[in-house]
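# Fold and geometry: a report
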Amino acid sequence: SGDDVNNASRMESTALPGRVQCSELSAKLIMAQAPDIKLELRGEVAVKGKGTMVTYLMKTTQKKSNSRRDGGGDGQDNVRRS
């Protein structure tokens, strides 16, 4: 529905850079249906047109590897630096 698209857009626009954010309702569904996906409470976020919403962030794990098999390095080979 249009409200779902709006919510998704708001979650993206208020998220922290590089992080996946979801609403409390989505977090509850994820915890029940995909418990291997770890979430952390972000807290209350001011969301335009919705007021204050409790949101969660998906926890990420970063694997470091120096092997040639996966390209090695820090994964920053294509990052432009000034």
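Look a little higher up for the structure.
What comes next concerns the included structure.

The rules behind these values
Residues numbered from 1 in each chain as written. Predicted model: local features only at pLDDT ≥ 70, side-chain atom pairs only at ≥ 80, totals over all residues. Heavy atoms only, no water. Salt bridge = Lys/Arg side-chain N within 4 Å of Asp/Glu carboxyl O. Helix = DSSP H or I, 4+ residues; strand = E, 2+ residues; numbered from the N terminus. Buried < 20%, exposed > 50% of the residue type's maximum accessible area, 1.4 Å probe, protein only.

## Details of the pattern of salt bridges
A side chain with one charge may pair with a side chain of the opposite charge, provided their charged atoms come close. As enumerated under the stated definition, the model contains 2 salt bridges in all. The salt bridge partner of D3 is K50, with a shortest N-O separation of 2.5 Å. Of this pair, D3 sits in helix α1 (residues 2-14) while K50 sits in the loop between β2 (39-47) and β3 (51-58); the two residues are 47 residues apart in sequence, bridging distant segments of the chain. Residue class for D3 comes out partly exposed when judged on its relative accessible area of 40%. One salt bridge in this structure joins E40 and R19, with 3.0 Å as the shortest N-O distance. Of this pair, E40 sits in strand β2 while R19 sits in the loop between α1 and β1 (21-23), and the two are 21 residues apart along the sequence. Residue classification places E40 among the partly exposed residues on the basis of a relative accessible area of 29%. A relative accessible area of 25% means that R19 is categorised as partly exposed.

Such coordinate-based values are descriptive only and should not be taken to indicate function.
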